[in-house]
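Okay, here's what each chain looks like letter by letter:
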Amino acid sequence: MSKLIANNKKARYEYFVEESYEAGIVLVGTEVKSIRLGKVSIKEAYAETKEGELFIKNMHISPYEMGSSFNVESLRVRKLLLHKREIKKLQGLASQDGYTLIPLQIYLNDRGLIKVQVGVCKGKKLYDKRESSATKDIERKLQKEFKGKAYE
């Protein structure tokens, strides 16, 4: 059972998620403490491959209050840890037109390690966004009706 730390709701609204991968992340000690406190944001973050490695950019980790001189820059580029074949596959998928790599969530796994779920995403058009929000509204109304009838 994993503990969710940060979720990128905007990503699921803005993009179709084709595939997702679990990746480790290279962090400094004070960054780990800040993430465990939930002081992380992946709303504007994205991932990209460079020279056979995967990096996450624009992920904001607030400086740890007790960190003093050990704190690092909050928006620095961080390396993601995946197998070589997975990185090559992601690189091939991301190079296709309209696809990008976006972090979907950050969580603690069962062993207490911080993991990032990276999705291969394709951008939605405006009509797709309208359609997905309409289906969510319908589902919400059905759930409300179902709840009301269950008690009668």
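See the structure printed just above.
Reading guide: rules and limits
- Residues numbered from 1 in each chain as written.
- Predicted model: local features only at pLDDT ≥ 70, side-chain atom pairs only at ≥ 80, totals over all residues.
- Heavy atoms only, no water.
- Buried < 20%, exposed > 50% of the residue type's maximum accessible area, 1.4 Å probe, protein only.
- Helix = DSSP H or I, 4+ residues; strand = E, 2+ residues; numbered from the N terminus.
- Arc of directions from axis to C-beta.
- Contact = heavy atoms within 4.5 Å.
- Pairing = 2+ DSSP bridges.
- Expected span 1.5 Å × (residues − 1).

Trainee: Quick question: what am I supposed to make of helix α2 (residues 29–36) here?
Mentor: Given 3.6 residues per helical turn, the α-helix brings residues three or four places apart onto the same face. Among the residues of α2, those classed as buried are Thr30, Glu31, Ser34 and Ile35. Angular distribution of buried residues about the axis of α2 spans 140 degrees; they occupy a single face of the element. In this fold, the buried residues of α2 make contact with β1 (3–7), β3 (40–41), β6 (60–61), β7 (78–81), β8 (99–108) and β9 (114–123). One or two steps after α2, the chain reaches Gly38, where phi turns positive at roughly 85 degrees.

Trainee: How should the pairing of strand β5 (residues 53–57) be read in this particular structure?
Mentor: Look at any regular strand and the pattern is simple: side chains alternate between the two faces of the sheet. Sheet analysis places strand β4 (residues 46–50) next to β5, joined by five bridges and oriented antiparallel. In the sheet register, Tyr46 faces β5, and the bridge partner there is Lys57.

Trainee: Sorry, what's going on with helix α3 (residues 84–95) here?
Mentor: Counted at 1.5 Å a residue, the expected span for α3 with its twelve residues is 16 Å, and the 16 Å between its end C-alpha atoms agrees. Where α3 is concerned, the buried positions are Ile87, Leu90 and Leu93. Viewed end-on, α3 has its buried residues packed into an arc of 130 degrees, placing them on one side of the element. Set apart from the buried face of α3 by more than 90 degrees, the exposed residues are Lys84, Arg85, Lys88 and Ser95. Those residues of α3 that are buried lie in contact with β2 (15–25), β4, β5, β8 and β9.

Trainee: Looking at this structure, I do not really get the side chain of Lys115. What am I missing?
Mentor: Residue placement: Lys115 occurs in strand β9. Filtering out sequence-adjacent residues up to four positions away, Lys115 remains in contact with Glu22, Ala23, Gly24, Gln105, Ile106, Tyr107 and Asn109.

Trainee: Help me understand the environment of Lys10, please; the structure alone is not making it clear to me.
Mentor: Its location among the elements puts Lys10 in helix α1 (residues 9–14). Here the alpha-carbon distance between Lys10 and Asp137, two residues 127 residues apart in the chain, equals 17 Å.

Function-wise, these values are silent; they only describe arrangement.
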